[in-house]
Amino acid sequence: MVGFSCTQISDESKGGMEKVVLSYGEDCRVEVFLLGATVTSWICDGREKLYLSPNAVFNNSKAIRGGIPLVFPQFGQPNSIMPQHGFARTSKWDWSCGCHTTGDDSEGKCVFLLTNNADTENVWNHPFLLTYTVTLSKSQLKCELSIKNTSSSEVFECHGLLHTYIRLPSDDINRLTAVGFESQQFIDKMSGGEKFIESRETVNVAAEVDRIYINTPQNTPIPDITLLEDGKPFLTVAKSSRMITGGDGTIQEKPADVVFWNAWIDKSKALPDLGEGAYKSYVCVEPGLVTDYVSVGPEATLTIDTTLTVIS
Ligand code: TA6
């Protein structure tokens with residue numbers, strides 16, 4: 001009988017680095033390296049849906065280029081003491097062993113944990129518990145990052161983001177369009193951080209693009225993003241985020257920002273673990289809370305999730 005299974009293995013093709021493979025038969029599986037709890041592969045109907053750079057470095061220290069790296073506690077490098085995009089993606093996470101499945105076997109999930117340690121405290125002196133839940137079903141992959149402030153008295157401020165590299169079906173960025181950004185305000189990092197309003201219903205990529213579509217109460221919430229090839233939808237990216245306050249557990253929805261990035265020709269060449277021509281094969285659609293720091297109170301939990309759905 002087919003069912004979900006998960007196992008931890010050393011990937012000899014990646015220097016023996018440890019990964020967890022959650023699968024349902026041969027055509028539905030997800031792989032998560034313990035370095036950064038980085039999802040590096042999502043196979044749906046037998047086809048890879050995420051982009052992993054062929055030049056990605058697997059040496060247990062550098063962030064893995066591709067899949068879904070996790071960004072915490074900072075996006076970019078506003079605090080130069082910490083690495084770009086924080087330490088979550090270069091930390092060794094623990095697998096909370098076991099594959100949790102629903103009664104009807106419609107989905108399976110794996111859970112990964114990271115808590116403050118000497119290395120994190122050296123650069124960011126706050127106690128925290130990150131819980132990362134990866135849920136696999138027939139046509140969906142859901143990834144939820146939960147950020148708990150484990151202090152009983154102190155507040156901390158952070159960013160969080162799921163840096164998702166979507167694989168383009170034909171490895172051809174020229175055939176990609178994205179729908180869902182229309183009328184959204186965005187910060188354009190290619191224009192020195194200037195803010196604009198997205199006027200296009202359909203967005204394409206014809207140069208380096210590096211934008212933060214801002215989700216603020218003034219904005220209409222950013223809908224699910226639909227990716228199309230030759231005008232035919234192939235994947236949707238849904239996202240949500242919320243704060244659960246310590247003590248009474250009040251839940252406050254917090255609309256997530258969405259970063260839209262492609263390195264294009266020159267930056268692809270300039271990033272050794274991306275490489276010449278890589279820009280043709282991926283686009284990043286990255287839900288997170290990155291426009292402003294989020295204050296997380298004592299015992300409070302901030303969650304950010306993304307659900308990728310294949311449209312066949
Ligand atoms: O998410 C977009 C971005 O912030 C870009 O500015 C680019 O730097 C990208 O992340 C990749 O960053 P990385 O540190 O992984 O090379």
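Description of the structure in this document. Just so it is clear, the structure is predicted and the values come from calculations on it, not from any experiment. (Residues numbered from 1 in each chain as written. Predicted model: local features only at pLDDT ≥ 70, side-chain atom pairs only at ≥ 80, totals over all residues. Heavy atoms only, no water.)

**Section: the overall build of the protein chain**
The criterion, for reference: Secondary structure is summarised from DSSP: a helix means a run of H or I of at least four residues, a strand means a run of E of at least two, and numbering begins at the N terminus for each. Based on C-alpha atoms, the radius of gyration is set beside the globule rule, defined as 2.2 Å times the residue count to the power 0.38. Relative accessible area decides the class of each residue, using a 1.4 Å probe on protein chains only: under 20% of the type maximum gives buried, over 50% gives exposed, and in between gives partly exposed. By definition, residues are in contact when any of their heavy atoms lie within 4.5 Å. Computed by Shrake-Rupley with a 1.4 Å probe, the accessible areas treat only the displayed protein chains as cover when residues are assessed. For the purpose of counting charges, residues Lys and Arg are taken to be positive, whereas Asp and Glu are taken to be negative. His and the chain ends are not included. Charge placement uses NZ in Lys and CZ in Arg. For Asp and Glu, CG and CD serve respectively.
Along its length, the protein chain carries two helices and 23 strands. In terms of overall dimensions, the protein chain is globule-like: its C-alpha atoms have a radius of gyration of 19 Å, near the 20 Å expected for 312 residues. Taken along the three principal axes of its C-alpha coordinates, the protein chain extends 50 × 50 × 40 Å. The 312 residues of the protein chain split such that 53% are buried. For the protein chain, the proportion of contacts with a sequence separation of at least 24, taken over those separated by at least 6, is 63%. Entry remark: accessible area of the protein chain is about 13100 Å², with carbon and sulfur atoms responsible for 48%. Here the protein chain contributes 26 positive and 39 negative side-chain charges, whose respective centroids are spaced 4 Å apart.

**Considerations on the sheet that holds strand S1 (residues 4-11)**
Sheets are built from strands paired through backbone hydrogen bonds, the pairs being either parallel or antiparallel. Heads up, the rule is: Strand pairing requires that DSSP identify at least two bridges connecting the strands.
Spatially, the five strands line up as an open sheet ordered S1-S2-S3-S4-S5, and their pairing is antiparallel. At either end of the open sheet lies a strand with only one pairing partner, and these are S1 and strand S5 (47-48). Looking at chain direction, strand S3 (residues 29-33) and strand S4 (residues 38-44) are connected through five bridges and run antiparallel. Across the sheet, residue Arg29 finds its bridge partner in S4, namely Ile43.

**What to know about the environment of Ile197**
Position of Ile197 relative to the elements: it lies in strand S15 (residues 194-197). Its relative accessible area of 54% is what places Ile197 among the exposed residues. In this structure, Ile197 is in contact with Ser183, Gln184, Gln185 and Phe186, ignoring residues within four places of it in sequence.

**Considerations on the pattern of salt bridges**
What counts is decided by this rule: Definition used for salt bridges: Asp or Glu carboxyl oxygen within 4 Å of a side-chain nitrogen of Lys or Arg.
Per the counting criterion, the structure on display carries 16 salt bridges. Where Asp11 meets Lys19, a salt bridge forms, and the shortest distance between an N and an O atom there is 2.7 Å. Taken as a pair, Asp11 and Lys19 share a single burial class, namely buried. Across the pair Glu208 and Lys267 runs a salt bridge, and its minimum N-O distance is 3.9 Å. In this pair, Glu208 sits in the loop between strand S16 (202-203) and strand S17 (209-213) while Lys267 sits in helix H2 (residues 264-270), placing the two residues 59 residues apart along the sequence. Each of Asp11, Lys19, Arg29 and Glu31 takes part in a single network of salt bridges with overlapping partners.

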